[in-house]
Amino acid sequence: MILFFFSFNDQADKYLLKPSAKVYRYVTPDFVDRGVTNIFSNLGDVETFVNSIFQLKFHNAMVSLNRVIYNTTFGLGGFFDVATIFGLHNQEEDFGQTLGYWGYEESTYLVLPFLGPSTLRDFSGQLVDASFDPLIYDDDIHSDALLIAKGVKLLDLRADILAAENLQLSSDRYAFFRNAYLQNRDYMIKDGVIEDEFANDDIDYDNF
């Protein structure tokens, strides 16, 4: 079933999402494309703020909160990333990472239709993170508008990674994407602290 959904997503990307992303990128001025990306990033900072608290990363939580305040207030709703100009850099956090932080590191690998690679842990985390989206609490935004916003977010993300199309992938695309996803998630959960399997404090390098 996983390989079926992987193949389905491959075909959907090839014939639908990628061509749409190319058109989007062609007709959208650079500053508008960047602004759309910034808006969704600003909304994502709310998710990071909440999950940073859950993970007891209070400094990251305060930086994320200030990013939301700066970008929403001075950046025209997040269209401009003024927080970065002021030196406010945070580390993205989501509820899948929160579960990993509290010990739920190993999980069943999944491939979701249209959504791509995930795990049971991360997919559960996405369902929780959905409740942190500020847009769902705006009474002036209807469900249709929310779906359109999700579609634009996906299209904008796909357009932003078009430049990576020239990367040479291994012949086993499924294994490549699976390993890349799992390694990246492990890296994010551990905040970039990766154990060196070859490190050994008992080795006396002076004898070499």
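Remember, predicted model here, so these are calculated numbers, not experimental data.

Definitions and cut-offs
Residues numbered from 1 in each chain as written. Predicted model: local features only at pLDDT ≥ 70, side-chain atom pairs only at ≥ 80, totals over all residues. Heavy atoms only, no water. Salt bridge = Lys/Arg side-chain N within 4 Å of Asp/Glu carboxyl O. Helix = DSSP H or I, 4+ residues; strand = E, 2+ residues; numbered from the N terminus. Buried < 20%, exposed > 50% of the residue type's maximum accessible area, 1.4 Å probe, protein only. Contact = heavy atoms within 4.5 Å.

J.: Explain the pattern of salt bridges to me, using residue names and the numbers behind them.
T.: Tallying each qualifying case throughout the model produces 13 salt bridges. Note that D10 is salt-bridged to R173, the shortest N-O span being 2.9 Å. Taken together, the positions of D10 in helix α1 (residues 2-27) and R173 in helix α8 (residues 173-189) put the pair 163 residues apart, joining distant regions of the chain. We classify D10 as partly exposed; its relative accessible area is 25%. Taking relative accessible area as the criterion, R173 reaches 32% and is therefore assigned partly exposed. D45 serves as the salt-bridge partner of R67, at 3.0 Å between the closest nitrogen and oxygen. You can see R67 sitting in helix α3 (residues 58-73) and its partner D45 sitting in helix α2 (residues 30-54), a full 22 residues away along the chain.

J.: I'd like a rundown of the environment of Q126, residues and numbers included.
T.: Note that Q126 resides in helix α6 (residues 120-129). Classification of Q126 as partly exposed rests on a relative accessible area of 38%. Between the C-alpha atoms of Q126 and D94, which are 32 residues apart in sequence, the distance is 7.8 Å. In this structure, Q126 is in contact with L115 and S118, ignoring residues within four places of it in sequence.

Read these as layout, nothing more, since geometry by itself doesn't imply function.
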